[in-house]
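# An overview of the molecular structure
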Amino acid sequence: METVELKEVLKKQIIEFLNLRDLKPEDIKNAEPLFGEGLGLDSIDSLELIVLLQREYGISIKDPKEGRKVLVDINTMADYIEKNRTK
Amino acid sequence: MLYIHQSYCISPQQTFMNVDWNVLHEAMDNKLKVVEPAYENIPRNVLRRMGKSVRIGVGAAFPIINEIKNIAGIIIGTATAGKEDSFTFLKQVMDYDEGLLTPTNFVQSTSNAIAAQIGMLSANKFYNITHVHKGLAFENAMFDAAMQLKENPQHDYLLGGVDEISDDDFNLNNLAGWYKKEIVSNKDLYESNSSGSLAGEGSAMFLINDKKENAAAKVVAIKTLFTKDEEEIKQQTKELISENKIDVFISGENGDNRLQRFYNACESLLEEDIAIVHFKHLCGEYPTTTAFATFLACDILQKQSIPNIVIKKSTDKTSFGNILIYNNYQGEQHSFILISKA
Amino acid sequence: MSRIFITGIGIITSIGNSTEENRVALMNGVCGISNKTKYPSKYSGVLPFGEIALSNDELKSSLNIHDESVTRATLLSVHAFEEAIKDARLSSKEISDSAFINATTVGGMSETEELYHDISATQNASPFISSYDVSAPTVFMQKHYGIKDFANTINTACSSSANAIMLGARLIKNGFVNKAIVGGVDCLSKMTINGFNALQILSDEVCKPFDADRKGLNLGEGAAFLVLEKEEDCANKKIYAEVKGYGNANDAFHASSISDNGDGPFLAMQTALDVAQLNADEIDFINAHGTATENNDLTESRAMLRLFKNVPRFVSVKANIGHTLGAAGVIGAAYSALSIAYQEVYPALNFKNKIEEPGLVPNLQYEQKSLKHVMANAFGFGGNCTSLILSKV
């Protein structure tokens, strides 16, 4: 899958997974922070996103510190998925 | 004394903000589901995680918490809040064989999510409690609220009753025989003469304090009983109607022919000129329907007229001072609430 | 207004099936948490739990209850309730006239396999069909003991049963009842095991409350009930302690964590002091909530530091019995009552290093100690925080 396409799919998955019902994929910018200021996600969302990575891409993140590095924005997530996906 | 100053109700009917008793929304598949507002005031990032009971609870509370600051306590009665999230989480546990799971449904699955969310949205750090005693959850919340007013006079409290229908909980109650086997229209609920009722849901929120001025109504008595004996219900009814001159009797009858004997027992004791009102064709059956009935009673007392849609037996009376609500949940839990003009 | 005394206690936890067994275990620093558990979860044997050794069959036969619809939550409740009413020597008339307040977060939903079946079944409901509700244990006991007047169930997550005690005390103070039997229950359940696991706050070793290297909580199961009576009715009765103060406050911060400065815990403790009309320096000991999660122990420590110039000695029994959720509040209160009655404090287990910033060290040894006022904390999801103060009579 191309990176651009992956990012679009990922945005859709995040919207569905986190029930961000008022958002469309184009509302999420690739470099916009997921937590705090940007999308305003919190610690529970980060746990949800770790499950998303496991279920959709077969990536298992055990160390919360690693999770924090990956779950910065769409770009960092997509990079990590491309390198580590098992499905 | 517990005075009700404001009341808001999200129900299957047009009861929120612009109350209109002239239209009857009909049940679908034996369910009367709430008409949800747009929740424009609730932050989207908070709204996305809320289950239905939390949404309708917060939604009905919002006009109150938005206007009244320094509420001294949030007191909620609910038997089903968080159940949909509980069951969604349970299915995840079983379907993924206790594997890697998402926590949101679990966090939202506790019954106190409504009171907690109202507290959070209004930054209210005071008394916060959730009563969950099934068909008496709202009555026990009201009792707690009355005690709070005695202990802390001159304070405002938020009192509410909230329940939701979820598919899974509907299935459990259906399997236990509490809903009708045949499809019944809510228009025909009281003529159905079969077991079970229609499923319902709703949220009613009240701003209460101990000030008489400008109050919409006052709660004079709350009595709860646990029995299968209709004589005990008769005895309690006699006590209440001998001590207070009742103008309107609000019956919680729900079309379940197994429970009708309790309502008949009460009605048989009423004087001829007392109006009899019923309401479960509007909101369906759920554990905290007495919150809906309390909202209805406030409406009758304020407008001094009874909406046609709820009249079972009319009266020649033109002014209404005392209203007695009697309800029975699943045969054993009974309650009386006496509400009067302030 | 009447003073309110605790005249009966019943407890069942992983360290004992009775109040006396619990006390002896606390004195000796016994830990009931282990990997050798029978509960049928994938995590049995993998994660440690504070499981009660008695099986449902054993409980049923000892309680002489043979109703198929009865869940473990109800059995544990009845077991502890029986001990409490015998301890207070209540007659059956006194029991049926008492207010009865139970508290739980999971209730009968611990029977997960059957519930999973019943939510989608169209026929052949399991015997538990009417027993899943959080109020089901209360309703069963109302029938079992003929309690006809005031009965209630409270769910404020992990502070539930502390609120049951508070409500019972208020009912007596306001003159609605003369006696109240109050408490709570929760048992191990796939729901809570997987829920806390999904939040990544279950420790894979026995928990270390207030330790810098704490790794999270262990789930436990338990039930406890207290008999509360008015002073006037307590002549010639054994009295454990007075229920002197209570405070309920909301943290109003987050659904599953406490605010950085522990506002909710601070306000709950402060309100309890106000109700008890005590100054902070009069508190001799604290049974802390101390779940051993990163968030709880830090914020509870900060709240204690805000309230007390010199933080009194404190302990968290979560290292003995695990976190018993809806029952945690009443078990903490029951242990506090025992501390007062026997003038002794129990040791904290598994503590090595203090958390740097607050720098608090829990009480590490069993000791006979003169105690007048003991505080017990319970905090829950949704920011529901309750603090109780029990005092020597």
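Sequence order sets the numbering: in each chain, residues are counted from 1 along the sequence as written. Whichever chain is written first is A, and whichever ligand is written first is 1; the rest continue in order. At least 70 in pLDDT is required for a residue's local features to be given in this predicted model, at least 80 for side-chain atom pairs to be given and counted, and no such filter applies to totals for whole chains, interfaces and linings, which use all residues.

Scanning chain C for helices and strands turns up 12 helices and 12 strands. In terms of overall size, chain C behaves like a compact globule, its C-alpha atoms giving a radius of gyration of 19 Å where 393 residues would be expected to give roughly 21 Å. Each principal axis of the C-alpha atoms in chain C carries an extent, and together these give about 60 × 50 × 40 Å. Exposure classification rests on a simple neighbour count of other C-beta atoms within 10 Å of a residue's own: a residue reaching 20 or more is buried, one at 12 or fewer is exposed, and one in between is partly exposed. C-beta atoms are placed from the backbone. By residue count, 65% of the 393 residues in chain C fall in the buried class. Strands are runs of DSSP state E lasting at least 2 residues, helices are runs of H or I lasting at least 4, and numbering of each runs from the N terminus. Both definitions apply: the radius of gyration is a C-alpha atom measure, and the globule rule equals 2.2 Å times residues to the power 0.38.

What follows is about the overall build of chain A. The helix and strand tally for chain A stands at 4 helices and 0 strands. Shown N-terminal to C-terminal, the secondary structure of chain A runs as helices and strands in the order α-α-α-α. Scaling as 2.2 N^0.38, a compact globule of 87 residues should have a C-alpha radius of gyration of about 12 Å, and chain A matches this with 12 Å. With respect to the three principal axes, the spread of C-alpha positions in chain A is 30 × 30 × 20 Å. Per-residue burial over chain A gives 26% buried out of 87 residues. Within chain A, residue pairs in contact and separated by at least 24 positions form 59% of the contacts whose partners lie at least 6 positions apart. Any residue pair is listed as a contact if its two C-beta atoms, each placed from the backbone, are within 7 Å.

For the rest of this paragraph, the subject is the nonpolar core. We define a nonpolar core as a collection of buried residues of the types Ala, Val, Leu, Ile, Met, Phe, Trp, Tyr and Cys that are connected via C-beta atoms lying within 7 Å of each other. Counting residues in each nonpolar core, the largest one holds 270 residues, and the members touching the most others are Leu-158 of chain B together with Leu-226 and Leu-388 of chain C. With residues up to four places along the chain from it excluded, the contact list for Leu-158 of chain B reads Ala-61, Ile-64, Ile-65, Ile-71, Ile-74, Ile-75, Ile-118, Met-205 and Leu-207 of chain B.

By the criterion of burial, helix α8 (residues 190–198) of chain C is predominantly enclosed, with 9 of the 9 residues buried. Buried residues of α8 of chain C: Lys-190, Met-191, Thr-192, Ile-193, Asn-194, Gly-195, Phe-196, Asn-197 and Ala-198 of chain C, and no others. If you follow the buried residues of α8 of chain C, they end up packed against α2 (43–57) of chain A, α3 (83–95) and α4 (104–107) of chain B together with α5 (112–118) of chain C. Looking at the residues trailing α8 of chain C, positive phi occurs at Gln-200 of chain C, about 55 degrees.

Residue and element names in this part refer to chain C. Of the two faces of strand β3 (residues 151–154), the one lined by Ala-151 and Thr-153 and the one lined by Asn-152 and Ile-154 are each fully buried. In terms of strand pairing, strand β2 (residues 99–103) meets β3 through 4 bridges, oriented parallel. Each bridged residue has a counterpart across the sheet, and for Ala-103 the counterpart in β3 is Ile-154. Paired strands are those between which DSSP finds at least two bridges.

Taken residue by residue, the interface counts 55 residues in chain C and 46 residues in chain B. Looking at the side of chain C that touches chain B, the elements with two or more residues in it are α5, α6 (136–145), β3, α7 (160–173), α8, β6 (241–250) and α9 (263–276) of chain C. It is α8 of chain C that contributes the most residues to the side of chain C that touches chain B, 5 residues altogether. Put simply, Ala, Val, Leu, Ile, Met, Phe, Trp, Tyr, Cys and Pro go in the nonpolar bin, Asp, Glu, Lys and Arg in the charged bin, and everything else, Gly too, in the polar bin. In terms of residue class, the side of chain C that touches chain B is made up of 25 nonpolar, 23 polar and 7 charged.

So, about the interface of chain A and chain B. Taken residue by residue, the interface counts 11 residues in chain A and 10 residues in chain B. Across the side of chain A that touches chain B, the residue classes break down as 5 nonpolar, 3 polar and 3 charged.

What follows is about unusual backbone geometry. Across residues other than glycine, the phi torsion is negative in most instances, and most of the peptide bonds are trans. All names here are of chain B. One non-glycine residue, Met-17, adopts positive backbone phi at about 65 degrees. Checked against the element boundaries, Met-17 lands in the loop between β1 (2–10) and α1 (44–47). In this structure, Ala-123 takes a positive phi of about 50 degrees despite not being glycine. By the secondary structure assignment, Ala-123 is in the loop between α5 (113–121) and β3 (127–131). Judged by local crowding, Ala-123 falls into the exposed class, with 11 C-beta atoms found within 10 Å.

Per-residue confidence from the prediction method is given by pLDDT, with values spanning 0 to 100. In this model, chain C carries an average pLDDT of 97, and 100% of its residues clear a pLDDT of 70 or more. Scoring of the predicted complex yields 0.97 for pTM and 0.97 for ipTM.

So, about the packing of α7 of chain C against helix α12 (residues 328–342) of chain C. An axis is simply a line fitted to the C-alpha atoms; with a helix, the fit covers only the stretch in contact. Between two such axes, the angle follows the N-to-C directions and lies from 0 to 180 degrees. Packing of α7 of chain C against α12 of chain C brings their axes to within 5 Å, and their N-to-C directions diverge by 65 degrees. Listed contacts from α12 of chain C to Ser-160, Ser-161, Ala-162, Ala-164 and Ile-165 of chain C of α7 of chain C are Gly-329, Val-330 and Ala-333 of chain C.

Attention now moves to the packing of α9 of chain C against helix α10 (residues 294–307) of chain C. All names here are of chain C. α10 packs onto α9 with a crossing angle of 45 degrees between their chain directions and a minimal axis gap of 8 Å. Classed by the angle they form, the pair α9 and α10 counts as oblique. Crossing of α9 over α10 shows right-handed handedness. Mapping the contact onto sequence places Pro-265, Phe-266, Met-269 and Gln-270 in α9 and Thr-299, Glu-300, Ala-303, Arg-306 and Leu-307 in α10. Looking at the contact of α9 with α10 residue by residue, the classes come out as 5 nonpolar, 2 polar and 2 charged. Oblique is the label for any angle not covered by the other classes, which are roughly parallel (under 35 degrees), roughly antiparallel (over 145) and roughly perpendicular (65 to 115). Whether a crossing is left-handed or right-handed is set by the direction in which the near helix is turned from the far one by less than a right angle, anticlockwise for left-handed and clockwise for right-handed.

With that settled, the discussion passes to the environment of Cys-9 of chain B. All names here are of chain B. Mapped onto the elements of the fold, Cys-9 is located in strand β1. On the neighbour-count criterion, Cys-9 (27 C-beta atoms within 10 Å) is buried. On a C-alpha basis, the gap between Cys-9 and Gly-161 in space is 9.5 Å, while along the polypeptide they are 152 residues apart. Residues within four places of Cys-9 in sequence aside, it is in contact with Thr-15, Phe-16, Ala-60, Gly-202, Ser-203, Ala-204, Phe-292 and Phe-295.

When the parts of a complex come together, some accessible area is lost, and that lost area is often taken as the interface size. Residue and element names in this part refer to chain C. The domains assigned to chain C are domain 1 (4–234) and domain 2 (244–391). In this structure, domain 1 and domain 2 have C-alpha centres spaced 20 Å apart. In this complex, domain 1 contributes 59 residues to the contact, which on the side of domain 2 involves 53 residues. Secondary structure elements with two or more residues in the side of domain 1 that touches domain 2: β1 (4–12), α1 (19–27), α7, β4 (179–186) and β5 (222–230). No other element matches the 8 residues that α7 contributes to the side of domain 1 that touches domain 2. In terms of residue class, the side of domain 1 that touches domain 2 is built from 31 nonpolar, 21 polar and 7 charged. Residue ranges labeled as domains rest on an automatic or database domain assignment.

All names here are of chain A. Along its 15 residues, helix α1 (residues 3–17) runs 20 Å from first to last C-alpha, staying within 8% of the 21 Å computed at 1.5 Å per residue. Listing the buried residues of α1 in full gives Leu-10, Lys-11 and Ile-14. End-on, the buried residues of α1 take up no more than an arc of 105 degrees, which puts them together on one face. Residues of α1 that are exposed and angled more than 90 degrees away from the buried face: Glu-5 and Glu-16. In this fold, the buried residues of α1 make contact with α4 (74–84). Just downstream of α1 lies Asn-19, where phi reads positive at about 55 degrees. What a helix is expected to span follows from its residue count: subtract one and scale by 1.5 Å. As used here, the arc is the angular range of directions from the helix axis to the C-beta atoms.

All names here are of chain B. Burial along strand β7 (residues 248–251) is two-sided: the residues Val-248 and Ile-250 and Phe-249 and Ser-251 are all buried. As paired strands, β7 and strand β8 (residues 275–278) are joined by 4 bridges and run parallel to one another. Across the sheet, Phe-249 pairs through a bridge with Ile-276, a residue of β8. On the question of chirality, the crossover connecting β7 to the parallel β8 by way of helix α9 (residues 260–267) is right-handed. By convention, a crossover is right-handed whenever its connection, traced from the first strand over the helix to the second and viewed with the strands pointing away, goes clockwise.

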